[in-house]
Amino acid sequence: MKKWLIIGAVIAVVGLIAANLLKSDTKATEVDLGTIVRKNLVETVTASGTLTPKRKVDVSANTIGKVTRLAVAEGDRVVAGQFLLEIDPTEYASVMRGYQAAVRTAKADLQVVQATVAKTRQDLSRVRSLFDCDLKSQEQLEAAETNLSVDEARVAAAEARFNQAEASLDKARYDLDKVTITAPMGGVVTRLNVEEGENAIMGTLNNPGTVLLVIADLATMEAEVDVDETEVVRIALGQAVGVEIDAFPDTTFVGVVTEIGNSPIYTSTGQSQQAVDFKVTVTLIDRIDGVRPGLSAEAEITVARADSALAVPIGAVVIREWPPRERRGRRPTPGKAEPDSVEREEREGVFVTTDDTVAFKPVKLGITGEEDFELLEGAEEGDRIV
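Since this is a predicted model, take the numbers as computed values, not measurements.

Here we come to the overall build of the protein. Per the secondary structure count, the protein includes four helices and 19 strands. Within the span of the protein, comprising 386 residues, buried residues form 30% of the whole. Taking the contacts inside the protein whose residues are at least 6 apart along the sequence as the reference set, 75% of them involve residues at least 24 apart.

Rendered as structure tokens:
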């Protein structure tokens, strides 16, 4: 009796296994179906960066000295020519007064020798008249002519000293003017790096001078974004751009590509690997109230557009070996044995449904939209696809 119970249990287990195997063989795979339709497709390249003014000026010191007057604060709006600050003018004012005195002295010396020359000319004229009347000798005439030549040379030397003094005065006046710094352009003081009483340092060939303040025109802003090397080749001047700024959520600003960098930007990604980007400048057309330099921005650059194009969902496109191999266990078609030398390649394609069958069809794709590929060939409008 016990033996028959064991045999019965084994038979039941085998039956359950066979039933499960049969059920798994007949189970269908659930899929989503779609239809190839026409859409307007737009392909974009996305990149991140920061905002910067299109026009800005770094105001640096042209001389060395202490800041004695400061007339602006960070955030102030200024106009071209407005007084900004002054560097201690004491030394330069003293030098200028010295050259002013030198100019006055040189001018007086010049006037003296000019008067001497006028008298020497009169003396020469009288000697010539007397010489013509045989009342003066040839030696006296030559002496008078020599005196005139000497005095004229003194006049030329005095004029040179006067011109030199005036040139030195102009240089001293220029140096004095440099201590008074005015706005080179209208805009907003976006950075102020100096306080009243601090020393300003003039730059040299290998050492930049102190940037006292920065004036920027915030009316026109640019977004400087880094674009990957694989995508920068698709960007061209004049392409439309939508710019989103973190500080202004739910708002997209219109811009245009105005500059594409030629020098690569290398960024270390770890393990001695480097990412290569290129700087792309986008000029914003829209005016942004309350904008500040350095705000984070994300640019969506439109690189291609296809209107009323056949569209296939991105999720429907797969890669398969083509031409396909014969399935194992399938009886080969008589007279069509597949040779081993058939060259196969990986092809993009879609699975098209017809009645109750599904077939893989290679396709040729165009631009990539947000959710769809542009379909150039391989399927038709209205085809049902997996």
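Further remarks concern the pattern of salt bridges. Side-chain pairs of opposite charge can arise whenever the charged atoms involved come near each other. One pass over the full model with this rule turns up 16 salt bridges. For Arg-126, the salt bridge is made with Asp-123, and the minimal N-O distance between the two is 2.3 Å. Placement of the pair is Arg-126 and Asp-123 together in helix α2 (residues 90-132), with a separation of three residues, close to one helical turn. Overall, the relative accessible area of 49% leaves Arg-126 in the partly exposed class. Residue class for Asp-123 comes out partly exposed when judged on its relative accessible area of 24%. Residues participating in the shared-partner salt-bridge network are Lys-119, Asp-123 and Arg-126.

Here we come to the pairing of strand β3 (residues 65-70). Here β3 pairs with strand β8 (residues 199-200) via two bridges, running antiparallel. Residue pairing across strands places Lys-66 opposite Asn-199, the latter belonging to β8. Inspection of the sheet shows β3 paired to strand β5 (residues 83-87) by three bridges, in the antiparallel sense. Residue pairing across strands places Arg-69 opposite Glu-86, the latter belonging to β5.

A volume near 290 Å³ is recorded for the second largest pocket. Arg-77, Val-188, Leu-218, Gly-290 and Val-291 are, among the 16 residues lining the second largest pocket, the residues nearest its centre. Contributing elements (two or more residues each) for the lining of the second largest pocket: β7 (187-192) and β9 (211-228). Residues that form the lining of the second largest pocket fall into these classes: seven nonpolar, three polar and six charged.

With that settled, the discussion passes to α2. With 43 residues, α2 should reach 63 Å at 1.5 Å per residue; the first-to-last C-alpha distance of 64 Å fits that figure. Listed as buried for α2 are Tyr-92, Ala-93, Met-96, Val-103, Ala-106, Leu-110, Val-113, Val-117, Thr-120, Leu-124 and Val-127. Just downstream of α2, Asp-134 is the residue with a positive phi angle, here 60 degrees.

The rules behind each value
The residue numbers shown here count from 1 along each chain, following its written sequence. Two thresholds apply to this predicted model, a pLDDT of at least 70 for residue-level local features and 80 or more for giving and counting side-chain atom pairs, whereas whole-chain, interface and lining totals are computed over all residues. The basis for every side-chain value is the complete set of heavy atoms in the structure, and neither hydrogens nor water enter the calculation. Each helix is a run of H or I in the DSSP string that is no shorter than four residues. Each strand is a run of E no shorter than two, and both are numbered from the N terminus. We call a residue buried when its accessible area falls under 20% of the maximum for its residue type, exposed when it is over 50%, and partly exposed in between, using a 1.4 Å probe and counting protein chains only. Between two residues, a contact is recorded if the distance between any of their heavy atoms is within 4.5 Å. Salt bridges, as used here, are contacts in which a Lys or Arg side-chain nitrogen is within 4 Å of a carboxyl oxygen on Asp or Glu. Two strands make a pair as long as DSSP finds a minimum of two bridges between them. Buriedness of a pocket was judged along seven lines, with at least five required to meet protein on both sides within 12 Å; pockets are open sets of points on a 1 Å grid over the protein atoms alone, cavities are sets where a 1.4 Å probe fits but cannot get out, and lining residues have an atom within 4 Å of a point. Grid points are joined across faces, edges and corners, and a volume is the space filled by probe spheres set on the points. Amino acids outside the nonpolar list (Ala, Val, Leu, Ile, Met, Phe, Trp, Tyr, Cys, Pro) and the charged list (Asp, Glu, Lys, Arg) are all regarded as polar, and Gly is one of them. The length a helix should cover is 1.5 Å for every residue beyond the first.

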